[in-house]
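# Analysis of the macromolecular model
The chain contents come next:
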Amino acid sequence: MSSIIQLLPDHVANQIAAGEVVQRPASVVKELLENAVDADATDIKLIIKDAGKSLVQVIDNGKGMSVTDARLCFERHATSKIRQAEDLFSLATKGFRGEALASIAAIAHMEMKTKQDQQELGTHIIIEGSKFVSQEVAVLPKGTSFAVKNLFFNIPARRNFLKSDTVEFRHVMDEFQRVALAHPNIHFTFYHNGSEMYNLPAAGYRQRIVGIMSGKTNEKLVPVNEDTEIINVQGFVCKPEFAKKNRGEQFFFVNDRFIKSGYLHHAVMAAYDGLLKDGSQPSYFLYLQVPPNTIDINIHPTKTEIKFDDEQALYAILRASIKHSLGQFNVAPVLDFDRDANLDTPYHYKDLEAETPTIQVDGTFNPFTDDKTNQHYSKVSSGSGSGSGFSSGSNSYSGYSKRVEPTASWESLYVGLETESIESSPFTFENEEVTSSLFNDDEVETASQKTYQIHKKYIVSPIKSGMVIVDQQRAHQRILYEQFLLNMTVNQASSQQLLFPLNLFYSSDEMTLIEELKPSLETTGFVFENAQADHIVISGIPVNITESEISMVIEQLLSDLQDGIPASSYSQNDTIAKSMAKSLAVKTGSYLTEKEQDNLVNGLFACKDPNISPFQKPTFITMRVEDIDKKFAL
């Protein structure tokens, strides 16, 4: 029997390896940016077109490569980062496997230009699908430039699985932000389709965070700084009142490498225990420095997972340091109600020594000089004129006395007022307490059967055959969903104008998403003024939304559309209607009056599809009398 096992050709092996290393254009961006950082670059430019599908180019001013290195870097397992297996436990670079460039070159048209500082000429290499097309000598600036064009050109199935440009661009943005946040000492520039998205000069951690997120982020940040033998924790956490619904602004960096860790995230959440609303997520930017021999990075191809030697100690230190910062900057509440915060010594003053205050004395000052005339005092002459200072008739002092201005009597205050009495008109007062109704429906006739609310969650309504048990949250979601969908597709939604326009601040990628959603949001009743670079101005809102709910509605909408905006308009309207219905529906645990209960039940059964919520869950169940009789028969 003949042998059937054979070695795969290099180009086939590279395409297989590319399936793990390169999933989308964002993977190419990550690998090329990390290579530029490893080359000790101080200025890195990222240029992409069509969300990276047509072009991903990274230009740096790093150390560059020689002619031999330029050709060898495209071979599999060729790397300058490690020499032996023990080097894996003392890594100081981003990459170490030597697979990225070979994998990218196997599935794209790749062009590389590189030159070392001490060399007069550089190297220009063109590769198409692992095949070297040309290698030439060229006049180039110091550094390296990688241009990746037509990604997945020879794997059409993989190219068809790519999402829309909006989704892919968001993934590229995420990778760029992670690398830029990890290295604030490098100047980063980002261009997309010819437009400058970011221009981040070298700065500190706080300036880099504010430059990437938005200008309003600065007031949200609380610094964290803790140095121990096991770990050094630096960075910032956000104040609890700025917590969001999604987990978009949560960054862990271990030795300047972005990671994802549910265990460390739980430590942060434990530090915020009791300070956050249900379902809210705090934002944080934490930079952890640990000894390289205590971590293992070689776990996942994307290198976003790390194994720690002593996770329990890291958990305790991280939780304690964040809790300390929240208390130190008076973010967490204290129980000492008599404490005067103005008398607290600032934390950074605790190690400073007291200094003797300096006193300045004016030796030329004479209080008896007549430089200034006293306008409020007059000379009083003596009665005898002898100049003795005392009058003959009395012992009163005849020096300077204060002149008393005559004041009018109190009766003058009432001169000119009419003496006729003003008849007061009878006033009417509102005796009944005015409470806002949950629904804006018209008056509903009083039902003959009464509804009941159970545990502030279910509404029970008797019917002829038994009773109906309605889930109030799901029922209200169905009602609002159909109302919003009707306004967006058929009716012209009405809006209420705000007395003062509302300014809401968001990050750049969130602003891009809002710009795309703006036409659909305007059909629901939103009125937008001119949007700025980092915030939107809302001057009108739908009639069934209050001003305090606007921020919550938009945050929920951005969270639901993280995976991309649907291409078709109906799907987009459907997604927006579902998100707004979920945000505005009455929550479990809310008390409803009898009128609100009746409106909810009647509104549910007036819907086109009252049986299920917008999220395909049942809204009510029915129990017949026969079913109840069977329960008692047991």
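Structural data are supplied above this passage.
Below or above, wherever it landed, is the structure these notes cover.

Let us look at the overall build of the protein chain. Across its full length, the protein chain holds 15 helices and 24 strands. Expressed as a percentage of its 634 residues, the buried residues of the protein chain come to 41%. Accessible surface for the protein chain amounts to roughly 37700 Å². Of this, 51% is attributable to carbon and sulfur atoms.

Let us now look at the packing of helix α8 (residues 262–271) against helix α9 (residues 311–328). Describing two packed helices takes the angle between their axes plus the distance from one axis to the other. Their axes nearest at 8 Å, the elements α8 and α9 cross at an angle of 35°. For the pair α8 and α9, the sense of crossing is right-handed. The segment α8 lies against α9, with Tyr-263, Leu-264, His-266, Ala-267, Val-268, Ala-270 and Ala-271 engaging Glu-311, Gln-312, Leu-314, Tyr-315, Leu-318, Arg-319, Ile-322, Lys-323 and Leu-326. A class-by-class count of the residues in the contact of α8 with α9 yields 11 nonpolar, two polar and three charged.

Pairing is mixed across the open sheet formed by eight strands, whose spatial order is β5-β4-β3-β6-β2-β1-β7-β8. If you trace the sheet from one side to the other, it starts and ends with β5 (131–138) and β8 (195–200), each paired once. Taken pair by pair, the neighbouring strands of this sheet meet at an average axis angle of 10°, ignoring direction. Pairing between strand β3 (residues 109–115) and strand β6 (residues 143–149): seven bridges, direction antiparallel. From the neighbouring strand, His-109 faces β6, where its bridge partner is Lys-149. On the sheet, helix α2 (residues 25–38) packs against β1 (43–49), β2 (55–60), β3 and β6 and is oriented at approximately 10° with respect to β2.

A few words on unusual backbone geometry. Its identity as a non-glycine residue notwithstanding, Asn-150 has a phi of 50°, on the positive side. Asn-150 sits in the partly exposed class, given a relative accessible area of 34%. You will see that Phe-152, though not glycine, has its phi angle at about 60°, which is positive. You can see Phe-152 is positioned in the loop between β6 and α5 (156–160). For Phe-152, a relative accessible area of 1% puts it in the buried group.

Let's shift gears to the sheet that holds strand β18 (residues 452–454). On the basis of which strands lie adjacent, the open sheet formed by four strands has the order β18-β19-β20-β24 and antiparallel pairing. Each edge of the open sheet is held by one strand with a lone partner, namely β18 and β24 (620–624). Neighbour to neighbour, the strand axes of the sheet diverge by 25° on average, direction disregarded. Examined bridge by bridge, β18 and strand β19 (residues 458–463) share three bridges and lie antiparallel to one another. Bridged to Tyr-452 within β19 is Val-460. Each of β20 (466–471) and β24 is contacted by helix α15 (residues 625–633), which is oriented at about 65° to β24, the strand it contacts most.

Between its first and last C-alpha, helix α11 (residues 508–524) extends 24 Å over 17 residues, near the 24 Å set by a 1.5 Å rise per residue. Remark: the principal bend of α11, roughly 55°, maps to Lys-518, with a proline, Pro-519, within the next four residues. Among the residues of α11, Ser-508, Asp-509, Glu-510, Met-511, Leu-513, Ile-514, Leu-517, Lys-518, Ser-520, Leu-521 and Thr-524 are the ones counted as buried. Downstream of α11 by a residue or two, Gly-525 has a phi angle that is positive, lying close to 125°.

Right, let's get into the packing of aromatic side chains. Summed over the entire model, instances satisfying the criterion amount to 17 aromatic pairs. The interplanar angle of 65° and the centroid separation of 6.0 Å between the aromatic rings of Phe-253 and Phe-258 together place this pair among those described as edge-to-face. Each member of the pair Phe-253 and Phe-258 is classed as buried. Plain terms: the ring middles of Phe-526 and Phe-528 are 6.0 Å apart, the flat faces sit at 20° to each other, and that makes the pair stacked. Its end group placed over the ring of Phe-132, Arg-71 keeps NZ or CZ at 3.7 Å from the ring centre.

Parameters at a glance
- Residues numbered from 1 in each chain as written.
- Predicted model: local features only at pLDDT ≥ 70, side-chain atom pairs only at ≥ 80, totals over all residues.
- Heavy atoms only, no water.
- Helix = DSSP H or I, 4+ residues; strand = E, 2+ residues; numbered from the N terminus.
- Buried < 20%, exposed > 50% of the residue type's maximum accessible area, 1.4 Å probe, protein only.
- Areas by Shrake-Rupley, 256 points an atom, 1.4 Å probe, with all protein chains shown as cover.
- Axes fitted to C-alpha atoms, helices over the stretch in contact; angles between N-to-C directions.
- Left-handed = near helix turned anticlockwise from the far one by under 90°.
- Contact = heavy atoms within 4.5 Å.
- Nonpolar A, V, L, I, M, F, W, Y, C, P; charged D, E, K, R; others polar.
- Pairing = 2+ DSSP bridges.
- Expected span 1.5 Å × (residues − 1).
- Bend = angle between axes of the 7 residues up to and from the residue.
- Phe/Tyr/Trp six-rings, centres within 6.5 Å; stacked < 30°, edge-to-face > 60°.
- Lys NZ or Arg CZ within 6 Å of the ring centre and 35° of its normal.

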